[in-house]
Amino acid sequence: MGINVDFDDQYSHHHYQRVEIPPPKPFLKTLKSNVKETLFPDDPFRKFKNQPLSKKISLGFQYFVPILDWAPRYTLQLFKADIIAGITIASLAVPQGISYAGLANLPPVIGLYSSFVPPLIYAMLGSSKHLAIGNVAVPSLLISAMLGKVVNPHENPKLYLQLVFTATFFAGVFQASLGFLRLGFIVDFLSHATILGFMGGAATVVCLQQLKGILGLVHFTHQTDIVSVMTSIFTQIHQWRWESGVLGCCFLFFLLLTRYFSKMKPKFFWISAMAPLTSVILGSVLVYFTHAEKNGVEVIGHLKKGINPPSYSELAFSSKYLAIAIKTGVVTSIIALAEGIAVGRSFAILENYDIDGNKEMIAFGLMNIVGSCTSCYLTTGPFSRTAVNYNAGCKTTVSNIVMSIAVMITLLLLTPLFHYTPLVVLSSIIISAMLGIIDYNSAIHLWKVDKYDFLVCISSYIGVVFGSVEVGLIVAVAMSLLRILLFVARPKTFVLGKIPNSMTYRNIEQYSAASSVPGVLIIHIDSPIYFANASYLRERISRWIDEEEEKQRTSTEIELQYVILDMSGVGNIDTSGISMLEEVKRNADRRCLKVLLANPGGEVMKKLDKSNFIDKIGKEWIYLTIGEAVNACNYILHNCKFQSKRINSSVAPDDNV
C-alpha cells in the first residue's frame with residue numbers, strides 16, 4: 001500500500017523541532033554524578049571550592065563540629081535566652097529521665113545519667129538549634145520488650161544492664177555509620193503514616209503498662225499486647241490498691257489539666273513544663289508526711305549520688321546474647337533516628353533554617369557510643385522536651401549544656417530528695433506524655449486524604465497493640481514497602497484529551513471538557529519504565545487500545561490509526577522497558593496502527609538510541625510535544641487520500657519534518 005506522491009512535498013512545510021539525543025558521557029563521569037546526587041544532595045563540598053588549604057581545614061572542623069562555627073559569634077543576649085530554656089527543660093528532664101528508665105526496667109539513676117553526658121556531646125556536634133536531648137518512651141519500651149525476653153531484669157539485673165549498654169553502643173555505631181556513609185535517606189523509607197501508627201500503638205502499650213503502677217500491682221505480665229495486659233489486670237482485682245489508684249488519678253488529672261491550660265494559653269507553656277517536677281515534689285512530700293509507703297504506695301527508694309561512672313567494661317561483646325543486643329540496638333536506633341530527625345526538621349522549618357540529616361546521625365551516633373561507655377542508655381531528641389525548649393525561647397544548643405549542668409547538680413546534691421517519690425507519680429507522668437503522642441486527628445486526616453496511608457497507619461497500630469512492638473514495626477515497614485512496590489509495579493496510565501481552544505492535553509477523567517482526538521489515542525505513562533512494571537504497562541497499553549477500538553466501532557468517528565505515548569513522566573527506562581516498547585510497536589503493526597512517542601527525556605532518548613529502537617520506530621515519529629505529534633497525525637488523516645484506510649506500518653513522513 002503506497003502513499004500519494006505529493007505527500008512529502010505537502011508535509012515538508014510543517015517543520016518541527018527534533019527531539020535531540022544528549023551527547024554521550026563517559027561511564028565513570030555518569031557514575032560519579034549519580035553517586036553524588038544519591039549521597040551528597042546537599043553538596044557539602046561547595047564551601048570548600050577555591051579556598052586555601054588552611055581555610056579548608058578550618059571549614060572541615062567547623063563542618064564536623066558545628067559548635068566551632070557558631071561559638072565565636074555567641075553573645076550574652078543569646079546566653080540569657082538559653083539559660084532560661086535550659087533550666088526549664090531540666091525541670092522536665094529529671095522526672096522524665098527517672099520515669100523512662102523505669103519503663104526500660106533500668107535503675108532510675110540511669111535515666112538521670114542519660115540526661116547528663118549525651119546532651120553535652122550533641123551540643124558540640126548537632127546542627128539543630130532547638131533539639132533537646134533525652135530518653136524517649138518508645139525506644140525504652142522496645143529495649144524492655146526485646147531484651148526482657150532473654151534476660152529477666154529483676155532476676156539478673158547486672159547482665160540485663162550490660163546488654164542495655166551493649167545495645168546502646170551498637171545503636172550508636174549504626175547511627176554514626178549511616179551518617180558517615182551518607183545513607184540518611186534510608187530513614188525516609190519510614191513514611192509519616194508508618195511512624196504515626198507505630199508511635200500511637202507504642203504510646204497505647206506504654207499507657208497500658210503503667211496501669212501496674214497506677215493500681216499498685218506487684219506482679220505483672222512481661223507481654224506488651226493488650227490482651228495479656230488486660231488479663232493480668234483483671235485476674236488480680238483483689239490486689240488493686242485504692243490508695244495508689246486515687247493518688248495516680250489525681251496526679252494524672254493535674255498533669256492533663258496543666259497541659260490543656262498551656263495549650264489554650266501558649267505564653268504559659270512553663271506551667272505544663274513545670275508540672276511533672278511539681279508532681280514529683282508534691283508526691284514525695286505527701287508520702288513523707290503520711291508514710292504512704294507503708295500502706296501500699298511504692299516509692300523509688302535510694303538513688304545513688306554522683307555523676308556517671310564509666311561503663312565501657314560492662315559492654316558484653318562476648319556474651320551469648322550479643323546477637324539480640326545488636327538487633328535491639330539497630331531497631332531502637334532507627335526509631336530514635338526517625339523521631340529525632342523529624343522533630344529537628346519540624347522546628348527548623350518554623351525558624352527557617354536547615355539541618356543536615358547526615359550530621360544529625362553522626363551526632364546521635366557518637367553521643368550514644370559515648371553514652372554507652374558512661375552508664376547511659378539510648379537517647380534522641382524527644383518532641384515534648386524539644387517543644388518546651390523551643391517555647392522557652394532557646395537560641396542555640398547551649399540550652400542542652402545548661403540542662404546537663406542542672407542534671408549534674410541534681411546527681412551530685414539532690415538525689416536523696418527523690419527517695420520518697422511514689423512510682424505512681426512516675427506512671428502518671430508517662431501516661432500524660434503518651435496521651436499527647438496518640439495523634440488521632442492526623443489519623444482522621446489520613447483517612448480523608450489517602451485511604452491506603454490510613455490502612456498503613458492503622459495496621460501498624462493494631463500490630464503493636466495486639467501483637468508486640470516488633471510485630472507492629474514489621475507490619476509498618478512491610479506495608480510501606482508494599483506501597484512502594486505498588487507504585488513501581490503498577491504505575492498510573494491514563495488517556496489524554498485536548499482542552500478546547502488550546503494546545504493543552506489533559507487526563508479526560510479529570511477534565512470533563514477534554515475531548516479525545518478522532519483517530520488518535522494519546523496515552524500518558526506516569527512512571528519510569530523498569531523490569532518491575534514493563535509487563536504491566538504492555539498489557540495496560542494493549543487494553544487501552546482495545547477499549548478505544550471497541551468504543552469507536554459504535555461511533556461514526558474516524559477509526560483508530562495512531563497511538564501516541566506521552567513519555568513526559570518517564571524519567572528513565574531499562575532494557576526490559578525498551579523490550580516492552582518494541583512489543584507494543586509489533587502489536588500495533590499487526591493491528592495496522594502507528595506508534596508515536598512524545599516528549600521523551602534525555603536519559604530515555606540515550607537508551608532508545610543505543611538499543612537502536614529509534615531506528616526501528618523511525619526518528620520522524622518522535623516528537624517534542626503532544627501537540628506536534630497530534631498535528632502530524634491530523635495532517636496525514638486530513639490531507640492524504642487514504643482517510644478510510646489503515647496507514648501501512650512502513651509508511652513514514654519525510655525525515656525533514
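Residues numbered from 1 in each chain as written. Predicted model: local features only at pLDDT ≥ 70, side-chain atom pairs only at ≥ 80, totals over all residues. Heavy atoms only, no water.

The chain has the name STAS domain-containing protein in an unreviewed UniProt entry, where Solanum stoloniferum is given as its organism. Among the UniProt annotations of the chain, the heading Subcellular location (unreviewed entry) holds the following wording: "Membrane". (UniProt positions renumbered as here; feature names shortened; annotations may be inferred.)

**A few points about the overall build of the chain**
In terms of regular secondary structure, the chain is built from 27 helices and 6 strands. Its C-alpha atoms give the chain principal-axis dimensions of roughly 110 × 70 × 55 Å. The buried share of the chain, taken over its 657 residues, is 52%. Within the chain, residue pairs in contact and separated by at least 24 positions form 81% of the contacts whose partners lie at least 6 positions apart. Accessible surface, the chain: about 31,000 Å² in total, of which carbon and sulfur atoms supply 63%. Positive and negative side-chain charges of the chain, numbering 56 and 47 respectively, have mean locations separated by a distance of 8 Å. (Helix = DSSP H or I, 4+ residues; strand = E, 2+ residues; numbered from the N terminus. Buried < 20%, exposed > 50% of the residue type's maximum accessible area, 1.4 Å probe, protein only. Contact = heavy atoms within 4.5 Å. Areas by Shrake-Rupley, 256 points an atom, 1.4 Å probe, with all protein chains shown as cover. Lys, Arg positive; Asp, Glu negative; His and termini not counted. Charge placed at Lys NZ, Arg CZ, Asp CG, Glu CD.)

**Re the side chain of Asn135**
Relative to the elements of secondary structure, Asn135 occurs in the loop between α7 (117-125) and α8 (137-147). Note on Asn135: relative accessible area 0%, which makes it buried. Aside from chain neighbours lying at most four places away, what touches Asn135 is Gly97, Tyr100, Gly111, Ser114, Ser115, Tyr377, Leu378, Thr379, Pro382 and Arg385.

**Thoughts on helix α24 (residues 575-590)**
Helix length check: α24, at 16 residues, gives a terminal C-alpha distance of 23 Å against a target of 22 Å (1.5 Å per residue), a fit within 8%. When α24 is considered as a whole, its buried residues turn out to be Gly577, Ile578, Met580, Leu581, Glu582, Val584, Lys585, Asn587 and Ala588. For α24, the side-chain oxygen to backbone nitrogen distance between the N-cap and Ser576 is 3.2 Å, and the N-cap itself is Asp574. Phi for Cys592, located one or two positions after α24, is positive at around 60 degrees. (Expected span 1.5 Å × (residues − 1). Polar contact = N/O pair within 3.5 Å; in protein donor to acceptor, adjacent residues only side chain to side chain.)

**Here's the deal with the nonpolar core**
For soluble globular proteins, the rule of thumb is that nonpolar side chains tend to be buried together. Formed by 94 residues in total, the largest nonpolar core has its most connected members in Leu106, Leu142, Phe198, Phe364, Tyr377 and Met434. Those residues in contact with Leu106 that sit more than four places away from it in its chain are Ala101, Tyr160, Leu161, Val164 and Tyr377. Membership of the second largest hydrophobic core comes to 50 residues, among which are Ile529, Ile545, Met567 and Ile626. (Core = buried A, V, L, I, M, F, W, Y, C linked by side-chain atoms within 4.5 Å.)

**Some thoughts on helix α12 (residues 226-234)**
Taken together, the buried positions of α12 are occupied by Val229, Ser232 and Ile233. Viewed along the axis of α12, the buried residues span an arc of 100 degrees, placing them on a single side of the element. Of the surrounding secondary structure, the elements contacted by the buried residues of α12 are α10 (192-209) and α11 (211-215). (Arc of directions from axis to C-beta.)

**Points about the sheet that holds strand β3 (residues 520-525)**
Taking strand neighbours across the sheet as the criterion, the 6 strands line up as β2-β1-β3-β4-β5-β6 in an open arrangement whose pairing is mixed. Each of the sheet's edge strands pairs with one partner strand only, and the pair in question is β2 (505-507) and β6 (622-623). Note that strand β1 (residues 493-498) and β3 share 3 bridges and pair antiparallel. Each residue of the ladder has a partner; that of Thr493, found in β3, is Ile525. (Pairing = 2+ DSSP bridges.)

**Focus: the side chain of Ser127**
Within the fold, Ser127 resides in the loop between α7 and α8. Look at Ser127 and you get buried, because its relative accessible area is 17%. At 3.3 Å, the side chain of Ser127 and the backbone nitrogen of Asp356 are in polar contact. What Ser127 contacts, discounting residues up to four positions off in sequence, is Tyr122, Tyr353, Asp354, Ile355, Asp356 and Glu360.

**Here we look at the pairing of β1**
Pairing geometry for β1 and β2, over 3 bridges, is antiparallel. By the bridge assignment, Gly497 is partnered in β2 with Arg506. The turn joining β1 and β2, which pair antiparallel and follow one another in sequence, is formed by 6 residues; a positive phi near 60 degrees is taken by Asn501.

**Notes on the confidence of the model for the chain**
Atom-level detail of predicted coordinates should not be read off regions where pLDDT is low. For the chain, per-residue confidence averages 84 on the pLDDT scale, and residues scoring 70 or more make up 93% of the total. For residues 641-652, every residue scores under 50 in pLDDT, and the model assigns this stretch 31 contacts once sequence neighbours within four places are set aside. (pLDDT = per-residue confidence, 0-100.)

**Here's the deal with the pattern of salt bridges**
Side chains carrying opposite charge are able to pair once their charged atoms draw close together. All told, the structure shown has 11 salt bridges when counted by the stated rule. Of the charged contacts in the structure, one is a salt bridge between Asp450 and Arg483, with a shortest N-O distance of 2.6 Å. Taken together, the positions of Asp450 in the loop between α20 (440-449) and α21 (451-467) and Arg483 in helix α22 (residues 469-489) put the pair 33 residues apart, joining distant regions of the chain. Classification of Arg483 by relative accessible area gives buried; the value is 18%. The salt bridge involving Lys551 is made with Glu548; its shortest N-O contact spans 3.5 Å. Of this pair, Lys551 and Glu548 both sit in helix α23 (residues 531-553), 3 residues apart, which is roughly one turn of the helix. Residue class for Lys551 comes out partly exposed when judged on its relative accessible area of 44%. Taking relative accessible area as the criterion, Glu548 reaches 6% and is therefore assigned buried. Among the charged side chains, a network of salt bridges with common partners joins Asp450, Asp453 and Arg483. (Salt bridge = Lys/Arg side-chain N within 4 Å of Asp/Glu carboxyl O.)

**Section: the packing of helix α5 (residues 76-103) against helix α14 (residues 269-290)**
Their axes nearest at 8 Å, the elements α5 and α14 cross at an angle of 40 degrees. Comparing the axis directions of α5 and α14 gives the class oblique. Between α5 and α14 lies a crossing of left-handed hand. Residues Thr88, Ser91, Leu92 and Pro95 of α5 form the contact with α14, whose participating residues are Phe269, Ala273, Met274, Pro276, Leu277 and Val280. Residues that form the contact of α5 with α14 fall into these classes: 8 nonpolar, 2 polar and no charged. (Axes fitted to C-alpha atoms, helices over the stretch in contact; angles between N-to-C directions. Parallel < 35°, antiparallel > 145°, perpendicular 65-115°, else oblique. Left-handed = near helix turned anticlockwise from the far one by under 90°. Nonpolar A, V, L, I, M, F, W, Y, C, P; charged D, E, K, R; others polar.)

**Re a nonpolar patch on the surface**
Residues Ile307, Ile405, Ile409, Leu412, Leu413, Leu414 and Leu417 make up a contiguous nonpolar surface patch of roughly 620 Å² in combined accessible area. Examined against the element boundaries, Leu414 turns out to sit in helix α18 (residues 398-414). Its relative accessible area of 34% is what places Leu414 among the partly exposed residues. (Patch = residues over 30% accessible without salt bridge, like charges linked within 9 Å, V, L, I, M, F, W, Y side chains within 5 Å.)

**Some thoughts on the pairing of strand β5 (residues 594-598)**
Burial within β5 is extensive, with 5 of its 5 residues counted as buried. Of the two faces of β5, both are covered, the one formed by Lys594, Leu596 and Ala598 as well as the one formed by Val595 and Leu597. What joins strand β4 (residues 562-566) to β5 is α24, and the crossover it makes is right-handed. Sheet topology places β5 next to β6; 2 bridges connect them, and they run parallel. Looking across to β6, one finds that Ala598 is bridged to Tyr623. (Right-handed = clockwise from strand over helix to strand, strands pointing away.)

**A few points about the environment of Pro44**
In this fold, Pro44 is placed in the loop between α2 (27-39) and α3 (53-64). Residue classification places Pro44 among the buried positions, given a relative accessible area of 11%. Put simply, Pro44 and Ser480 are 436 residues apart on the chain and 30 Å apart in space, counted from C-alpha to C-alpha. Those residues in contact with Pro44, other than ones at most four positions away along the chain, are Tyr63 and Arg182.

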